Protein chains: 2
Amino acid sequence: MIGCDCAVCRSDDPRDKRLRSSIYIQTPEMAFVVDTGTDFRTQALRENIRRVDAVVFTHSHTDHIMGFDDLRRFSWKRGSMPVYASAETMTDLRRVFKFAFEATNPFPGYLKPEPHVVSGSFLLGKTQLTPLPVPHGDSEVSGYLFTRGDRNLIAYLSDCSAIPDKIAQKISGVECLIIDALREKPHPTHLSVGQALEVAGRIKPAQTYFTHIAHELAQAYEKRLPPRTRIAYDGLRLRF
Amino acid sequence: MIGCDCAVCRSDDPRDKRLRSSIYIQTPEMAFVVDTGTDFRTQALRENIRRVDAVVFTHSHTDHIMGFDDLRRFSWKRGSMPVYASAETMTDLRRVFKFAFEATNPFPGYLKPEPHVVSGSFLLGKTQLTPLPVPHGDSEVSGYLFTRGDRNLIAYLSDCSAIPDKIAQKISGVECLIIDALREKPHPTHLSVGQALEVAGRIKPAQTYFTHIAHELAQAYEKRLPPRTRIAYDGLRLRF
């Protein structure tokens, strides 16, 4: 964190250097990214991302949208960039990135969003995305369940302060749960480690990854977690 | 650049790895930053920035404002963050960062902007900033002249497609000209190398630094430039 001298901020473990939360998903048919936070360009360069066919948003907080314009490189190749978001998040995107949504005759290299308001499950290639509405403090954000064929592969819940039982049941037994676990101490808009473990206990995923980790939590904390429960880190790759 | 294999993007010269344009100014009385582009957090961490007493904006394009929220760390320490921008840029900042400008009871760590609409010269400590309105394609942006006592120290013109004679006269003989020089090939909204050299020929600064460099221009290009003309790079420090 800027201006911080805590043990995690001074850590030698490169995994303790964290950029904003996001995931990139490659499938045989297409590739897409969930959220374009402020670090999107840095992350795309680091991972040598060559293809983005769509972007899916969880919500419109700055740490999840401010890198949106850097999609221009992928939009330009395709002619436009399909954008999937809830009605509320799309309204915010339209306000913040007005120049992109309203441009009638932009330069060819400009981002040209193609908005898709999400109101239920949808397909990206052969991957089905099911929105998981969850509270994030006083607001509601969209987690997503990623399903291919009959496999519930990933539930991505990066920002949430609770998981209602209805949602937990929908993703029960998912292969991989990626869930908010900010720190040990409770926070008004994010799950704590204890709360995330309680949620995982209800969902019973094959494996759990904590994300949206604050600097109060070192990567080394992982060894104190139960089996099949890890702390995600920048650049982590998972195969299904 | 994302997805590019050109010689500069693959260069081994670390100075060819460029983040968004911005400058940070430390004076005996205070410290301030000009623009908070998308990379502001990364830049603040890299340079171990511990103090920001004000932010000054040139214009509201994404590469100059999208890191604004990361000022929260400095705003929180001070109680608020003085923001200097033209009326037009302030309107855009209020639209994009609505949550910060309109928040009535935010969490203590939230960014609390204190807007100052710039309509002429103003002081930050003992440094006088004089806005330099210049065309940037079809829009007008604010460069700034930084003066202390009787010394015209820096003219910062990061984004411009022309420098009107009236502006060139105002900054004539400035100690350091930092000026847009995107690439060799002309561009509708940025100066080319040839145009920037022509401008420098009119202004006759003691030294010139090119900024807002595109990936068409390697750092090594510097050796082809006239005396006292350099290409700025990330992390460059100048003393006056």
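Draft legend 1. Representation of the relation of the copies chain A and chain B within the structure. Turning chain A through 180 degrees and shifting it by 0.0 Å along the axis lays it on chain B, with an RMSD of 0.0 Å. Classification of the inter-copy transformation places it as that of a two-fold axis. When C-alpha positions in chain A are compared against the rotation axis, the closest is assigned to Val96 of chain A, at 2.3 Å. Here 100% of the contact residues of chain A are again contact residues in chain B; the copies associate through an equivalent surface.

Draft legend 2. Examining the sheet that holds strand β8 (residues 139–148) of chain A more closely. Residues and elements named next belong to chain A. Strand order in the open sheet made by the seven strands is β6-β7-β8-β9-β10-β11-β12, with mixed pairing throughout. Because the sheet does not close on itself, it has two edges, and the strands there are β6 (122–124) and β12 (229–231). Strand-to-strand twist of the sheet, defined as the mean angle between neighbouring strand axes without regard to direction, takes the value 25 degrees. Direction of pairing for β8 relative to strand β9 (residues 151–157): antiparallel, over a ladder of five bridges. Following the sheet pairing, Tyr144 is matched in β9 by Tyr156.

Draft legend 3. A look at the interface of chain A and chain B. Each side of the interface is counted separately: chain A has 18 residues, and chain B has 18 residues. Elements with a contribution of two residues or more to the side of chain A that touches chain B: α1 (40–46) and α4 (87–96) of chain A. Ranked by residues supplied to the side of chain A that touches chain B, first place goes to α1 of chain A with four residues. Of the residues contributing to the side of chain A that touches chain B, the split by class is seven nonpolar, five polar and six charged.

Criteria and thresholds
- Residues numbered from 1 in each chain as written.
- Chains lettered and ligands numbered in written order.
- Predicted model: local features only at pLDDT ≥ 70, side-chain atom pairs only at ≥ 80, totals over all residues.
- Least-squares fit on C-alpha atoms with pLDDT ≥ 70 in both.
- Contact = placed C-beta atoms within 7 Å.
- Pairing = 2+ DSSP bridges.
- Helix = DSSP H or I, 4+ residues; strand = E, 2+ residues; numbered from the N terminus.
- Axes fitted to C-alpha atoms, helices over the stretch in contact; angles between N-to-C directions.
- Nonpolar A, V, L, I, M, F, W, Y, C, P; charged D, E, K, R; others polar.

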